[in-house]
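This is what each chain is made of:
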Amino acid sequence: MAAAGAGRMRRATSALLLRAPRLPVRELSAPARLYHKKVVDHYENPRNVGSLDKTSKNVGTGLVGAPACGDVMKLQIQVDEKGKIVDARFKTFGCGSAIASSSLATEWVKGKTVEEALTIKNTDIAKELCLPPVKLHCSMLAEDAIKAALADFRLKQEPKKGEAEKK
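Structural notes, computed from the coordinates. All figures in this text were calculated on a predicted structure; none of them were measured in a lab. (Residues numbered from 1 in each chain as written. Predicted model: local features only at pLDDT ≥ 70, side-chain atom pairs only at ≥ 80, totals over all residues. Heavy atoms only, no water.)

Pairing between strand E2 (residues 71-79) and strand E3 (residues 85-93): eight bridges, direction antiparallel. Within E3, the residue paired with glutamine 78 across the bridge is aspartate 87. What sits between E2 and E3 in their antiparallel hairpin is a turn of five residues, with glycine 83 showing a positive phi close to 90 degrees. (Pairing = 2+ DSSP bridges. Helix = DSSP H or I, 4+ residues; strand = E, 2+ residues; numbered from the N terminus.)

Okay, structure coming up:
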């Protein structure tokens, strides 16, 4: 008898749930997180997207990633004979903040010397873009990409073992 009563109760509850008004999905979801207008600008109008010739001796390439969030950033710099960065390009797979951080980084390194570019810090990028704490890893990635590109450029400037012995 108790089992039959429980069955009727389940059916009645199911019928009530099926007839209950549904709330729109929008009301159930969390509020959308808003990006600062500087992030949106760099995301919608990214500067310096593309690639440089990675085999060129005066081009340094930095490829970095953040396994926790899946962001991957490639940043390349082209340096003239005086040590000044004359061009910078990036390609980024990631969120809007990662793309904006890459875009801003390429703008900032252009016109700087290799030594000056090393002074660009993630905190400066985060402050400029008004990144929230949850997105600080994007600015850290941009700083790491700059350092990796500069390290690659410097490595290419060192004479190869065979070349050093010939001189």
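For helix H6 (residues 122-129), the full list of buried residues reads Asn122, Ile125, Ala126 and Leu129. An end-on view of H6 places all buried positions within 95 degrees of arc, on one side of the element. Opposite the packed face of H6, turned more than 90 degrees from it, sit the exposed residues Thr123 and Lys127. In the core, the buried residues of H6 are packed alongside helix H3 (37-44), helix H4 (96-109) and helix H7 (136-157). Looking one or two places after H6, you find cysteine 130, whose phi comes out positive at around 55 degrees. (Buried < 20%, exposed > 50% of the residue type's maximum accessible area, 1.4 Å probe, protein only. Arc of directions from axis to C-beta. Contact = heavy atoms within 4.5 Å.)

On to unusual backbone geometry, then. A positive phi is found at asparagine 48, a non-glycine position, where the angle reads about 65 degrees. Checked against the element boundaries, asparagine 48 lands in the loop between H3 and strand E1 (59-66). Judged by its relative accessible area of 14%, asparagine 48 is buried.

Turning to the sheet that holds E1, a few remarks are in order. Here three strands make up an open sheet; going across it, the order is E1-E2-E3 and the pairing antiparallel. Edge positions in the open sheet fall to E1 and E3, since each of these has one partner strand only. Going across the sheet, the axis of each strand differs from the next one's by a mean of 15 degrees, ignoring polarity. Lying on the sheet, H4 is in contact with E2 and E3; it crosses E3 at an angle near 175 degrees. Against the sheet, H7 contacts E1, E2 and E3, and its axis sits at roughly 145 degrees relative to E1. (Axes fitted to C-alpha atoms, helices over the stretch in contact; angles between N-to-C directions.)

With that settled, consider the nonpolar core. The biggest cluster of nonpolar side chains holds 30 residues, and the ones touching the most others in it are Ile77 and Val109. Every element with two or more residues in this core is listed here: E1, E2, E3, H4, helix H5 (114-117), H6 and H7. (Core = buried A, V, L, I, M, F, W, Y, C linked by side-chain atoms within 4.5 Å.)

Turning to its location among the elements, serine 102 is positioned in helix H4. According to the relative accessible area criterion, serine 102 is buried, its value standing at 0%. Engagement of the side chain of serine 102 in a polar contact is seen with the side chain of threonine 92, the distance being 2.6 Å. Sequence-distant contacts of serine 102, defined by excluding residues within four places in its chain, comprise Met73, Leu75, Phe90 and Thr92. (Polar contact = N/O pair within 3.5 Å; in protein donor to acceptor, adjacent residues only side chain to side chain.)

Scanning the model with the defined rule gives eight salt bridges in all. A salt bridge links lysine 38 to glutamate 128; the nearest nitrogen and oxygen atoms lie 3.5 Å apart. Taken together, the positions of lysine 38 in helix H3 and glutamate 128 in helix H6 put the pair 90 residues apart, joining distant regions of the chain. Note on lysine 38: relative accessible area 32%, which makes it partly exposed. It is possible to trace a salt-bridge network through shared partners that takes in Asp41, Arg47 and Glu107. (Salt bridge = Lys/Arg side-chain N within 4 Å of Asp/Glu carboxyl O.)

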